[in-house]
Amino acid sequence: MNIILLGPPGVGKGTVAGKLSEKFSFPHIATGDMLRENVAQKTELGMEAKNHMDKGLLVPDDVVIEMIKERLQKKDCEKGFILDGFPRTINQADQIGSFTKMDKVVNLHVSDELIIKRLGRRRICSECGSIYHLEYMKPKKEGICDKCSGKLHQRKDDKPDAIINRLEVYRKETEPLIKYYQDKKLIVNVDGSGTPEEVFELVVEDIS
Ligand code: AMP
């Protein structure tokens, strides 16, 4: 099954995608993670992406589309995949639609108030990318990842100015994708305001 997780930053796409990936053994493909890896490794692609990312703006379509096309051709995507953070524009959706068929598009939604609360207190493992929250999903030991003992940090784009940009970009560029996939009868709307377990269960129910 080919699944897209759609929704604003901080809605919980990464958490749900990770759990879906475990349950169904499909790869979790997060363009944000792929771009951050490129930035960390200082590749040409990473150097181009960094400026946009730090400001909370989108990386140009052609860069992201090329990266995702390459990734989806890998063998582990043959039976299905979970896309997290892609597509984010109508052009990206058109492009991916021209070479892959989607089965479900899960639209996770929560209030802006909750997004700001979630992102501001989100922490990420600098080694394995696991996601924590200082209130809802605390690590056992402060500042340390439960899974790999890596150091937790706050993403640059989870700071207030970048959060506001990311929400604006989402409304303008990404939100129109809800109607786009509604017209294709692929949208499943899920309330993302519960705990990670609650949201995951709702998603599994709605895509089964
Ligand atoms: P995320 O981890 O999904 O919140 O993505 C972090 C940042 O990576 C975004 O704010 C964008 O700058 C960039 N990014 C991730 N996915 C895309 C995409 N599909 N198109 C353009 N930029 C993206």
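### Remarks on the nonpolar core
(1) Moving on: Counting residues in hydrophobic clusters, the biggest one holds 29 residues, and the most contacted among them are Ile 29, Leu 72, Leu 83 and Tyr 181.
(2) Moving on: If you list the elements that add at least two residues to this core, you get β1 (2-6), α2 (31-40), α3 (44-55), α4 (61-72), β3 (81-84), α5 (90-97) and α8 (176-183).
(3) Moving on: With 23 residues, the next largest nonpolar core counts Ile 3, Leu 5, Leu 119 and Val 204 among its residues.

### A few points about α2
(1) Moving on: Taken together, the buried positions of α2 are occupied by Thr 31, Gly 32, Met 34, Leu 35 and Asn 38. Buried residues of α2, seen end-on, are gathered within an arc of 165 degrees and therefore sit on one face of the element. In α2, the exposed positions angled more than 90 degrees off the buried face are occupied by Glu 37 and Ala 40.
(2) Moving on: Where α2 is buried, its residues touch β2 (28-30), α3, α4 and β3.
(3) Moving on: Downstream of α2 by one or two residues, Lys 42 has phi in the positive range, about 55 degrees.

### Observations regarding the layout of surface pockets
(1) Moving on: Put simply, the second largest pocket is a space of about 660 Å³.
(2) Moving on: Elements that contribute at least two residues to the lining of the second largest pocket include exactly β2, α2, α3 and β5 (122-125).
(3) Moving on: Of all the elements, α2 adds the most residues to the lining of the second largest pocket, at six residues.
(4) Moving on: Grouping the amino acids of the lining of the second largest pocket by side-chain chemistry returns nine nonpolar, six polar and 10 charged.

### A look at the site of the ligand
(1) Moving on: Near the ligand you find 16 residues, and of these Thr 31, Leu 57, Gly 85, Arg 88 and Gln 92 are the closest.
(2) Moving on: One nitrogen or oxygen atom from the main chain of Leu 57 is found 2.6 Å from an oxygen atom belonging to the ligand.
(3) Moving on: Here an oxygen atom of the ligand sits 3.2 Å away from a polar atom, N or O, in the side chain of Arg 166.
(4) Moving on: Summarising the interface, the protein chains cover 95% of the accessible area of the ligand, which totals 480 Å² for the free molecule.
(5) Moving on: A per-element tally of the shell around the ligand places α2 first, with four residues.
(6) Moving on: Here the residues of the shell around the ligand are counted per class, giving seven nonpolar, four polar and five charged.

### Focus: the sheet that holds β3
(1) Moving on: Taken together, five strands build an open sheet; the order of strands is β2-β3-β1-β4-β8 and the sheet is parallel. In the strand order of this sheet, the two ends are held by β2 and β8 (187-191), each with one partner. Adjacent strand axes in the sheet meet at a mean angle of 20 degrees when their direction is disregarded.
(2) Moving on: As paired strands, β2 and β3 are joined by three bridges and run parallel to one another. For Ala 30, the partnering residue across the bridge sits in β3 and is Asp 84.
(3) Moving on: The strands that helix α1 (residues 13-24) touches are β1, β2, β3 and β4 (104-109); relative to β3, the one it contacts most, it runs at about 170 degrees.

### A look at the pattern of salt bridges
(1) Moving on: Tallied over the full model, the rule gives 16 salt bridges.
(2) Moving on: Put simply, Arg 121 and Glu 135 hold a salt bridge, and the shortest N to O gap is 3.1 Å. Here Arg 121 is found in the loop between α6 (112-120) and β5, whereas its partner Glu 135 is found in the loop between β6 (131-133) and β7 (152-153), with 14 residues between them in sequence.
(3) Moving on: Residue Glu 135 is classed as partly exposed on the basis of its relative accessible area, which comes to 38%.
(4) Moving on: Among the charged side chains, a salt-bridge network with shared partners connects Arg 122, Arg 155, Asp 157, Asp 158 and Arg 166.

Rules used in this analysis
- Residues numbered from 1 in each chain as written.
- Predicted model: local features only at pLDDT ≥ 70, side-chain atom pairs only at ≥ 80, totals over all residues.
- Heavy atoms only, no water.
- Core = buried A, V, L, I, M, F, W, Y, C linked by side-chain atoms within 4.5 Å.
- Buried < 20%, exposed > 50% of the residue type's maximum accessible area, 1.4 Å probe, protein only.
- Helix = DSSP H or I, 4+ residues; strand = E, 2+ residues; numbered from the N terminus.
- Arc of directions from axis to C-beta.
- Contact = heavy atoms within 4.5 Å.
- 1 Å grid on protein atoms, 1.4 Å probe; cavity = no way out; pocket = protein on both sides within 12 Å on 5 of 7 lines; lining within 4 Å.
- Points joined across faces, edges and corners; volume = space filled by probe spheres on them.
- Nonpolar A, V, L, I, M, F, W, Y, C, P; charged D, E, K, R; others polar.
- Near = heavy atom within 4 Å.
- Polar contact = N/O pair within 3.5 Å; in protein donor to acceptor, adjacent residues only side chain to side chain.
- Areas by Shrake-Rupley, 256 points an atom, 1.4 Å probe, with all protein chains shown as cover.
- Pairing = 2+ DSSP bridges.
- Axes fitted to C-alpha atoms, helices over the stretch in contact; angles between N-to-C directions.
- Salt bridge = Lys/Arg side-chain N within 4 Å of Asp/Glu carboxyl O.

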